[in-house]
Amino acid sequence: MSAHLPRRTFAIISHPDAGKTTLTEKFLLYGGAVALAGSVTARKDQRATASDWMELEKQRGISISSTVLQFDYNGYRVNLLDTPGHKDFSEDTYRVLTAVDAAVMVIDAGKGIEPQTRKLFEVCRRRGVPIFTFMNKCDRPTKDPIALLDELESVLGIGAFPVNWPFGNGPEFRGVYDRLEKRLHLFERTKGGMREAPVQVLGLDDPAITSRIDDDIYRQGRDELEMLEGAGAGFDRARVLAGEITPVYFGSAANNFGVQLLLDGFLEHSADPGPRVSGERIIEPKDPEFSGFVFKIQANMDPKHRDRIAFIRVVSGRFEREMSVVHVQSGKKIRLSSAQKLFGQERETVEEGEAGDVIGIIGHDILQIGDTLAEDRTVRFNEIPQFTPEVFAYLTNPQPGNSKKYRLGVDQLLKEGVVQQMEIGTGQVKTAILAAVGPLQFEVVQYRLKAEYGAESRLEKARWQHVRWWRKPGAAEDWLPDLLSDSTHGIDASGRRVIFFSDEWSIRNFQKRLPEVELGTLPFEG
């Protein structure tokens, strides 16, 4: 019967080091999915983080791949998509955000809104994804809570409703007051934050509070609450789901303070799985026929099996193992026999699923990021955004005798979308060049080639800093613009013509010389 639980499918977004991976782990702790929460910087007697499965992530203490974690909690089936936190991996993060119905935004309360947070917030806003905010690290010195709310409104342009309010700051942080339930939650620390924090729940006028909270902290908390109540705005779930306001929770993920209040509040007030657009049609979750789209591909999550998993967000209908569906891009029917539920690197077979679920399909090399799977072959989703590469490099094989492993690894990593491959040159002579949003993506390619395929590689940074797609209305098919030494012709992975430029000046100079040629940061439609 648990298969019919209401779904909550969401991602956690943040600037690096704001505490996203720690909060992910604590959600799993409170959700009963792990018995002991481990920090990314795990000590020898603690365990590594369940969501950071790739060895490079454990070494660096950052999330650079996206993991899917599913667990049942408090009457809900939760699909938590753990996104890369490093700024170079915004491509993978953006793709993951196409598969969610809501997001939890983690902010370091000592720093406020940081650049990556702002960027990811804008992606969520453009997609109409409701956002819940967690002001993290309240057990360290923080900005003034009122100033943090003002920052949400002034920097991000979204209204803020504090669902709970902190009592104390930094080492004096004692707990939070739940404004909806009218109860004060006082926390106790646990060793290393590995277990659920003991909580004492009291009314604001309970005499027992005086033994737990300093008078000054108590008075300040009450004064601030009175000021918030005087502002008059009540909690409005409809405005939350419309993206007009963000519910704000305060706490400390490392010490488990406020984590359960955030998780419970998020699940209660968040969005159900929503509809998706297919051409002129709206595909509703309750539509009886199965449909879904591939938003991520990952190889070698299990080094023992060397397999390839396509992550599919179920949009409508029911998924059943062994069912046959149409791979819309090729028109071929495929059987979904090997379906898995993921938990970091661990997995188990999935028999069924429904709208909102994320399922890993093993095998099927035909599947690419953005592809649609459906019982109705006329359904086609266009959910995955494209990105303009910002860094370029040449990757070569220094060991010709190992070319088979090298080629296999490069081909697989390209299918995953870790980097893009373009080509420089015209006619018969072309040179492959890798393109990415950030340089860490190249590091991951080299690391994974060696770790997963036993293939060495050599990376050489290219002189090109920009790529632009181009067209000239009315020009002959084989016409090419004359270029100076600061630019060169090439094609993208789909064979569309591009120009690589050495710097911003060379782009401006090209436009000045050839104003009739249109340049685009993304491929032209049509």
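In short, a report on the structure. From a predicted model like this one, the values you see are computed outputs, not experimental measurements. (Residues numbered from 1 in each chain as written. Predicted model: local features only at pLDDT ≥ 70, side-chain atom pairs only at ≥ 80, totals over all residues. Heavy atoms only, no water.)

The next thing to look at is the nonpolar core. Formed by 63 residues in total, the largest nonpolar core has its most connected members in Leu81, Leu152, Phe167 and Phe295. Not counting residues up to four positions away in its chain, the partners in contact with Leu152 are Met105, Ile107, Ile113, Thr133, Met135, Gly157, Ile158, Ala160, Thr246 and Val248. Membership of the second largest hydrophobic core comes to 30 residues, among which are Ile12, Val78, Leu80 and Val104. (Core = buried A, V, L, I, M, F, W, Y, C linked by side-chain atoms within 4.5 Å. Buried < 20%, exposed > 50% of the residue type's maximum accessible area, 1.4 Å probe, protein only. Contact = heavy atoms within 4.5 Å.)

Our next topic: helix 6 (residues 215–231). The end-to-end C-alpha distance of helix 6 is 25 Å, a good match for the 24 Å that 17 residues give at a rise of 1.5 Å each. Every buried residue of helix 6 is listed here: Ile217, Tyr218, Gly221, Glu224, Leu225 and Leu228. Down the axis of helix 6, the buried side of the element spans an arc of 135°, and every buried residue falls inside it. For helix 6, exposure combined with an orientation more than 90 degrees from the buried face picks out Asp223, Glu226 and Gly230. (Helix = DSSP H or I, 4+ residues; strand = E, 2+ residues; numbered from the N terminus. Expected span 1.5 Å × (residues − 1). Arc of directions from axis to C-beta.)

What follows covers the packing of helix 9 (residues 403–416) against helix 10 (residues 440–453). Relative orientation of the contacting elements helix 9 and helix 10 amounts to 125°, with a least axis distance of 10 Å. Relative to helix 10, helix 9 is oriented oblique. For the pair helix 9 and helix 10, the crossing hand works out as right-handed. Judged by residue contacts, Lys405, Tyr406, Leu408, Gly409, Val410, Gln412, Leu413 and Glu416 of helix 9 engage Val445, Arg448, Leu449 and Tyr453 from helix 10. (Axes fitted to C-alpha atoms, helices over the stretch in contact; angles between N-to-C directions. Parallel < 35°, antiparallel > 145°, perpendicular 65-115°, else oblique. Left-handed = near helix turned anticlockwise from the far one by under 90°.)

Let us look at the sheet that holds strand 8 (residues 175–178). Read from one edge of the open sheet, four strands run 7-8-9-10, paired in antiparallel fashion. Edge positions in the sheet fall to strand 7 (164–167) and strand 10 (199–202), since each has one partner strand and no second. Taking the axes of each pair of neighbouring strands and ignoring which way they run, one obtains an average angle of 25° across the sheet. (Pairing = 2+ DSSP bridges.)

Taken in spatial order, the eight strands make up an open sheet running 27-24-26-25-29-30-28-31, and their pairing is antiparallel. If you trace the sheet from one side to the other, it starts and ends with strand 27 (458–461) and strand 31 (518–520), each paired once. Neighbour-to-neighbour, the strand axes of the sheet open up by a mean angle of 40°, direction not taken into account. Alignment of strand 25 (residues 420–424) against strand 26 (residues 431–436), held across five bridges, turns out to be antiparallel. Its bridge partner being in strand 26, Ile424 is matched across the sheet by Thr431. Together, strand 24 (391–396), strand 26 and strand 27 form the strand contacts of helix 10, whose direction differs from that of strand 24 by roughly 20°. Taken strand by strand, helix 11 (residues 504–513) contacts strand 28 (466–471), strand 30 (497–501) and strand 31, and its axis lies near 125° from that of strand 30.

It is worth spelling out the environment of Arg468 at this point. The topology assignment puts Arg468 in strand 28. Residue Arg468 is classed as buried on the basis of its relative accessible area of 14%. For the pair formed by Arg468 and Gly490, sequence separation is 22 residues and the distance between their alpha carbons is 9.9 Å. The residues contacting Arg468, other than those within four sequence positions of it, are Thr388, Val498, Ile499, Phe501, Ile507, Leu519, Gly520 and Thr521.

Residues spaced three or four apart along an α-helix point in a common direction, a consequence of the helix completing one turn every 3.6 residues. Here helix 10 contains 14 residues, and its C-alpha end-to-end distance of 19 Å stays within 8% of the 20 Å for a straight helix at 1.5 Å per residue. Where helix 10 is concerned, the buried positions are Leu440, Gln441, Phe442, Val444, Val445, Arg448, Leu449, Glu452 and Tyr453. Gly454 occupies a position one or two residues after helix 10 and carries a positive phi of about 65°.

A word on the pattern of salt bridges. The tally for this structure, following the rule as stated, stands at 26 salt bridges. Between Glu354 and Arg318 there is a salt bridge; the shortest N-O distance is 3.1 Å. Of this pair, Glu354 sits in strand 21 (residues 352–354) while Arg318 sits in strand 16 (residues 318–320); the two residues are 36 residues apart in sequence, bridging distant segments of the chain. Residue classification places Glu354 among the buried positions, given a relative accessible area of 19%. Overall, Arg318 belongs to the partly exposed group, its relative accessible area being 27%. In this structure, the salt-bridge partner of Arg448 is Glu416, at a minimum N-O distance of 2.8 Å. Within this pair, whereas Arg448 is found in helix 10, its partner Glu416 is found in helix 9, the two being separated by 32 residues in sequence. For Arg448, a relative accessible area of 1% corresponds to the buried category. (Salt bridge = Lys/Arg side-chain N within 4 Å of Asp/Glu carboxyl O.)

With that settled, consider the packing of helix 1 (residues 20–30) against helix 8 (residues 259–269). Relative orientation of the contacting elements helix 1 and helix 8 amounts to 80°, with a least axis distance of 10 Å. Comparing their axes, helix 8 and helix 1 come out roughly perpendicular. Along its contact with helix 1, which presents Leu23, Lys26, Phe27 and Tyr30, the element helix 8 presents Val259, Gln260, Leu262 and Leu263. Residue composition of the contact of helix 1 with helix 8, grouped by class: six nonpolar, one polar and one charged. (Nonpolar A, V, L, I, M, F, W, Y, C, P; charged D, E, K, R; others polar.)

Another aspect to go through is the packing of aromatic side chains. The final tally for this structure, using the stated rule, is 15 aromatic pairs. With 4.9 Å between their ring centres and 75° between their planes, Phe132 and Phe266 make a pair best called edge-to-face. Placement of the pair is Phe132 in strand 5 (residues 131–136) and Phe266 in helix 8, with a sequence separation of 134 residues. Judged by its relative accessible area of 0%, Phe132 falls in the buried class. Here the aromatic residues Phe10, Phe27, Phe132 and Phe266 are joined through ring pairs into a cluster of three or more. If you follow Lys472 out to its NZ or CZ, it ends over the ring of Trp479, 4.4 Å from the centre. (Phe/Tyr/Trp six-rings, centres within 6.5 Å; stacked < 30°, edge-to-face > 60°. Lys NZ or Arg CZ within 6 Å of the ring centre and 35° of its normal.)

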